[in-house]
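So you can see what is in the structure, the chains are spelled out below.
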Amino acid sequence: TSHSSSSPGEEGGDERRSQSSSFTTSTSHTRTNDAPPQPGFRRGVYLYDTTNVAKAHRCNDRLEDVVQGLFEGNPLLTVPPAWKLFTQCLRSAEGEEPRDPFLYHTPKWLEAQRAREREKKHRGWFSGGG
């Protein structure tokens, strides 16, 4: 005997699933050209100059310190000191940013500076470190 309705485990349900899965895995948006797109161009139209690169704000590392403070323990205790340094940096003139240490974030320029200092300190075995 055959059944008029099919459940998901029977042939009719499998046929329905295969139709929906073939729809989701279709590759209708394939690129004809395998070359990577060039920055500044879209569909052959020049959009913007790619030689100008955005420069990070002078207080960007202080802001990253605030964001890192959100994830270090209790934010009610960790964010206010970092926020205070961030706002001091924003209010200061260029070149007069606060020299206080970063609380949670170590910027790449500071890591590089510390590595140079360590290298200078341990330069020679007989040189006495200087």
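Residues numbered from 1 in each chain as written. Predicted model: local features only at pLDDT ≥ 70, side-chain atom pairs only at ≥ 80, totals over all residues. Heavy atoms only, no water.

Draft legend 1. Representation of the state of the cysteines in the model. A complete count under the given rule lists one disulfide for this structure. One disulfide in the model links Cys59 with Cys89; its S-S distance is 2.1 Å. Across the S-S bond linking Cys59 and Cys89, the dihedral sits near -90°, which makes this disulfide left-handed. Separated by 30 residues along the polypeptide, Cys59 in the loop between β2 (45-46) and α2 (60-70) and Cys89 in helix α3 (residues 75-91) bring together distant segments of the chain. (Disulfide = S-S within 2.5 Å. Helix = DSSP H or I, 4+ residues; strand = E, 2+ residues; numbered from the N terminus.)

Draft legend 2. Region of the structure containing the pattern of salt bridges. By the definition in use, this model includes one salt bridge. A salt bridge links Glu97 to Arg58, with the shortest nitrogen-to-oxygen separation between them at 3.1 Å. Within this pair, whereas Glu97 is found in the loop between α3 and α4 (108-121), its partner Arg58 is found in the loop between β2 and α2, the two being separated by 39 residues in sequence. (Salt bridge = Lys/Arg side-chain N within 4 Å of Asp/Glu carboxyl O.)

Draft legend 3. Inspection of the side chain of Arg62 at higher detail. Position of Arg62 relative to the elements: it lies in helix α2. Asp65 is the oppositely charged side chain nearest to the buried, salt-bridge-free Arg62, at an N-O distance of 4.8 Å. (Buried < 20%, exposed > 50% of the residue type's maximum accessible area, 1.4 Å probe, protein only. Lys, Arg positive; Asp, Glu negative; His and termini not counted.)

Draft legend 4. Focus on the packing of α2 against α3. Following both chains from N to C, one finds α2 and α3 inclined at 175°, their axes separated by 8 Å at the closest point. Considered as vectors, α2 and α3 are oriented roughly antiparallel to each other. Where α2 abuts α3, its residues Arg62, Leu63, Asp65, Val66, Gly69 and Leu70 lie against Pro75, Thr78, Val79, Ala82, Trp83, Leu85, Phe86 and Cys89. (Axes fitted to C-alpha atoms, helices over the stretch in contact; angles between N-to-C directions. Parallel < 35°, antiparallel > 145°, perpendicular 65-115°, else oblique. Contact = heavy atoms within 4.5 Å.)

Draft legend 5. Looking closely at the packing of aromatic side chains. One pass over the full model with this rule turns up two aromatic pairs. Both rings, one in Trp83 and one in Phe86, keep their centres 5.4 Å apart while their planes meet at 50°; by these two values the pair is tilted. You can see Trp83 and its partner Phe86 sitting in helix α3, three residues apart, about one turn around the helix. Here the aromatic rings of Phe102 and Trp109 are separated by 6.2 Å at their centres, their planes lie at 70°, and the arrangement is edge-to-face. (Phe/Tyr/Trp six-rings, centres within 6.5 Å; stacked < 30°, edge-to-face > 60°.)

Draft legend 6. Looking closely at the confidence of the model for the chain. Looking at the chain, pLDDT values average 75 and 65% of them are 70 or higher. Averaged pLDDT values over the elements of the chain bottom out at 48 in helix α1 (residues 11-24) and peak at 95 in α3. Low pLDDT (under 50) marks residues 13-30, which in the prediction has eight contacts with non-local residues, meaning those over four places away or in another chain. (pLDDT = per-residue confidence, 0-100.)

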